[in-house]
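The lines below spell out each chain.
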Amino acid sequence: MHSSQRQLFFNHLAQTSDFPLALEIERAEGVFLYGQDGKRYFDLISGIAVSNVGHRHPEVLAAIHAQLDKYLHLMVYGEYVQSPQVKLAEALVNTLALSYESPSPFGLIDSVYFTNSGTEAVEGAMKLAKRYTGRPEFISCVNAYHGATQGALSISGAEFFKRNFRPLLPGIKQIQHGHLPDLEKISCRTAAVVIEVIGGESGVRIPSSAYFHALRQRCTDVGALLVFDEIQTGFGRTGTFWASENVGVYPDILLSAKGMGGGMPIGAFMASTQLMAVFRDNPILGHITTFGGHPVSCAASLATLQVIRSQNLAEQANAKGELIKSLLVHPKIKEVRGQGLMLAAEMESFEVLKPIIDRCILAGVITDWFLFCDNSMRIAPPLTISEGEIREAMGVISGILG
Ligand code: PMP
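The structure presented is a predicted model; accordingly, all values stated were derived computationally and were not measured.

Trainee: Would you mind going over the pattern of salt bridges with me for this structure?
Mentor: Should their charged atoms come close, side chains of opposite charge can pair. Overall, the coordinates contain 15 salt bridges when judged by the stated rule. Between Lys354 and Asp358 there is a salt bridge, and its shortest N-O distance comes to 3.0 Å. Here Asp358 and Lys354 lie together in helix H13 (residues 350-362), a separation of four residues that amounts to about one turn. With a relative accessible area of 24%, Lys354 lands in the partly exposed category. A cluster of three or more residues bridged by salt bridges with shared partners is formed by Lys334, Glu335, Arg337 and Glu346.

Trainee: What should I look at first to understand the pairing of strand E3 (residues 40-43) in this one?
Mentor: Regular strands have side chains that alternate between both faces of the sheet. When strand E2 (residues 32-35) meets E3, the two strands line up antiparallel, connected through three bridges. From the neighbouring strand, Tyr34 faces E3, where its bridge partner is Arg40. Note: E3 against strand E13 (residues 365-366), two bridges, orientation parallel. Opposite Asp43, over in E13, you have Ile366 as the bridge partner.

Trainee: I keep staring at the packing of helix H12 (residues 313-327) against helix H14 (residues 387-401) and nothing clicks. Help me out?
Mentor: The description of two packed helices rests on the angle between their axes and on the distance between the axes. For the pair H12 and H14, the least separation of the axes is 10 Å and the interaxial angle reads 25°. The pairing of H12 with H14 is recorded here as roughly parallel in orientation. Between H12 and H14 lies a crossing of right-handed hand. Where H12 abuts H14, its residues Lys320, Leu323, Ile324 and Leu327 lie against Glu387, Ile390, Arg391, Met394 and Ser398. Per-class residue counts for the contact of H12 with H14 are five nonpolar, one polar and three charged.

What counts and how
Residue positions are counted from 1 within each chain, in the order its sequence is given. At least 70 in pLDDT is required for a residue's local features to be given in this predicted model, at least 80 for side-chain atom pairs to be given and counted, and no such filter applies to totals for whole chains, interfaces and linings, which use all residues. Computation of side-chain values covers all heavy atoms of the structure but excludes hydrogens and water. Salt bridges are identified by distance alone: a Lys or Arg side-chain nitrogen within 4 Å of an Asp or Glu carboxyl oxygen. A run of DSSP states H or I qualifies as a helix once it reaches four residues; a run of E qualifies as a strand once it reaches two. Both are numbered from the N-terminal end. Residue burial is assigned from relative accessible area. The probe radius is 1.4 Å, only protein chains are included, and a residue is buried under 20% of its type maximum, exposed over 50%, and partly exposed in between. A strand pair is defined by DSSP finding two or more bridges across the two strands. What counts as an axis is a line fitted to C-alpha atoms, over the stretch in contact for a helix, and the angles between N-to-C directions run from 0 to 180 degrees. Relative orientations are named as follows: roughly parallel for angles under 35 degrees, roughly antiparallel for angles over 145 degrees, roughly perpendicular for angles from 65 to 115 degrees, and oblique for any other angle. Take the far helix as the reference: if the near one is turned anticlockwise from it by less than a right angle, the crossing is left-handed, and if turned clockwise, right-handed. In what follows, residue pairs with any heavy atoms lying within 4.5 Å of each other are defined as contacts. When residues are grouped by polarity, Ala, Val, Leu, Ile, Met, Phe, Trp, Tyr, Cys and Pro land in nonpolar, Asp, Glu, Lys and Arg in charged, and all others, Gly among them, in polar.

Structure representation (structure tokens):
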């Protein structure tokens, strides 16, 4: 049974590399995954920045169960008044009712469009920006990751992932994340600048807040929309509910997904009602989704948001991140970058890092590298990880580092 299921995985699941991890997980709880053989693994990557409140958080499970007893899918997006969607949209808007130092010319974000995933949130935001501005061009960053569908891929920043899928969208320009002189490339032809507040797949890169203030100003000056992709940084991951709070710069469109669902699939793009209004006419139904904002996902997401808020998980992420940094001191680690619980431990090369990651997994600690940064170890555990669990997991990594 055990080996045949593994074989069926290779036979019948579309493979996207020749070396999938292929761990067979039986169940998950908190910061742990449990293999079929009962082996326990620390999930130090939260399923790639998803399980911010841990696996199967009891309040998320209770919200899912309660919604299962009421209804599942009722109707395509935007037609019926569905309580889980309404409550979640209100809660999200409330997280954004903050007065930032550098505001958006469109005022506060008060309108939410729910999607099923991060890449769909990116696609929706791109359509919104094109339709609102009537402009053809997007600007994004070198080594940014925004998703795998064709619009999001077009603005992602690594040629290696794009070149064999061309033609992609025309009119894409790239700037260096955090590089002030490049802001001049943003012009009155630019529909939007799409940017991660902290570069995720580039290996946790944090530009200065001065950069973001200058970016905000430039976008406002030329009438380009500023889109923050907080799909990886949001929902408490980096020490504030949104990473942009820490920077003090307010976007025109905000993107969320991943950790937002507490383990269920959901994403969103959010903007002011004034911006979002363009989807109402010419054409009517300017953006359509069947499943976006699924009621069970929305219920799970609201519970996730409430757990993060009520347990101060965002604030705690800072101290927990500092603890990890203080424990990961070793000659093989050149630096530990990051903020909150979004961390990257840089080593000399992939050749040094890869065997360490492999041995960590054997020893029951799951880490990873980054899509566009293969010399750094990804450390982004659930925000619920305890101090004791941090010490134990870091002890395993340190032991393997030798
Ligand atoms: N934006 C960022 C910053 C991401 O990290 C990701 C996923 N790694 C995406 C967009 C795409 O999200 P999804 O995989 O849900 O489509």
